Amino acid sequence: MEDIFCRIIKGEIPSTKIYEDDDVLAILDISQTTKGHTLVIPKLHYDNFLSCPQEVMHKVMDVAQRIGQAEISLLHARGVNILTNVNEAAGQSVMHFHVHVIPRYNGGEGFQITMKGQDTSGMDLPRLAMDISKAMKKE
Ligand code: AMP
């Protein structure tokens, strides 16, 4: 079954469009976590950021950057979170690659990222870094 973003791209479901070119669509997120919360979506279907070809991913990120800049200048956001969720475990609910652009105005809004540190004393961080480095795909 097609996901909801495929259907939006085809024009079968309405959306509030900010930007469109041959490869990329940017729309307001229906939930408006903060005012201006935007989704940047490749028109071709890729399940997530990790499975998207580099060239397409770069186009999506370029649009995300420009929307973030516009939201700071136009909406006077004090900051912006640019994020993408990969797989359910990371909170992805629509399995079509998209980047969230979330303007931030003050601390009291309905969106927050908290990164709690954990005890790393039992972890071999240099080894971990080396293992991840070796597992990276060559460009
Ligand atoms: P994620 O949880 O990262 O997969 O994000 C999916 C996002 O899509 C959520 O923030 C939803 O609010 C948003 N969303 C779902 N349906 C629509 C829709 N029809 N139009 C705009 N945004 C949508």
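Residues numbered from 1 in each chain as written. Predicted model: local features only at pLDDT ≥ 70, side-chain atom pairs only at ≥ 80, totals over all residues. Heavy atoms only, no water.

Visitor: Before we go on, may I ask you to explain the site of the ligand in this structure?
Guide: Around the ligand, the surrounding shell holds 16 residues, and the nearest of these are Asp29, Asn85, Gly91, Ser93 and His100. At 2.9 Å from an oxygen atom of the ligand is found a main-chain nitrogen or oxygen belonging to valine 94. Considering the ligand on its own, with 500 Å² of exposed area, one finds that the protein chains cover 83% of that surface. Here the shell around the ligand takes three residues from helix 1 (residues 4–9), the largest share from any one element. Among the residues making up the shell around the ligand, the classes are represented as eight nonpolar, seven polar and one charged. (Near = heavy atom within 4 Å. Polar contact = N/O pair within 3.5 Å; in protein donor to acceptor, adjacent residues only side chain to side chain. Areas by Shrake-Rupley, 256 points an atom, 1.4 Å probe, with all protein chains shown as cover. Helix = DSSP H or I, 4+ residues; strand = E, 2+ residues; numbered from the N terminus. Nonpolar A, V, L, I, M, F, W, Y, C, P; charged D, E, K, R; others polar.)

Visitor: Can you walk me through the pairing of strand 3 (residues 38–42) in this structure?
Guide: With five of its five residues buried, strand 3 lies for the most part within the structure. Of the two faces of strand 3, the one carrying Thr38, Val40 and Pro42 and the one carrying Leu39 and Ile41 are both buried. Alignment of strand 2 (residues 24–28) against strand 3, held across five bridges, turns out to be antiparallel. Bridge pairing in strand 3 links valine 24 to proline 42. Relative to strand 5 (residues 99–104), strand 3 is paired through three bridges, and the arrangement is antiparallel. By the bridge assignment, leucine 39 is partnered in strand 5 with histidine 100. (Buried < 20%, exposed > 50% of the residue type's maximum accessible area, 1.4 Å probe, protein only. Pairing = 2+ DSSP bridges.)

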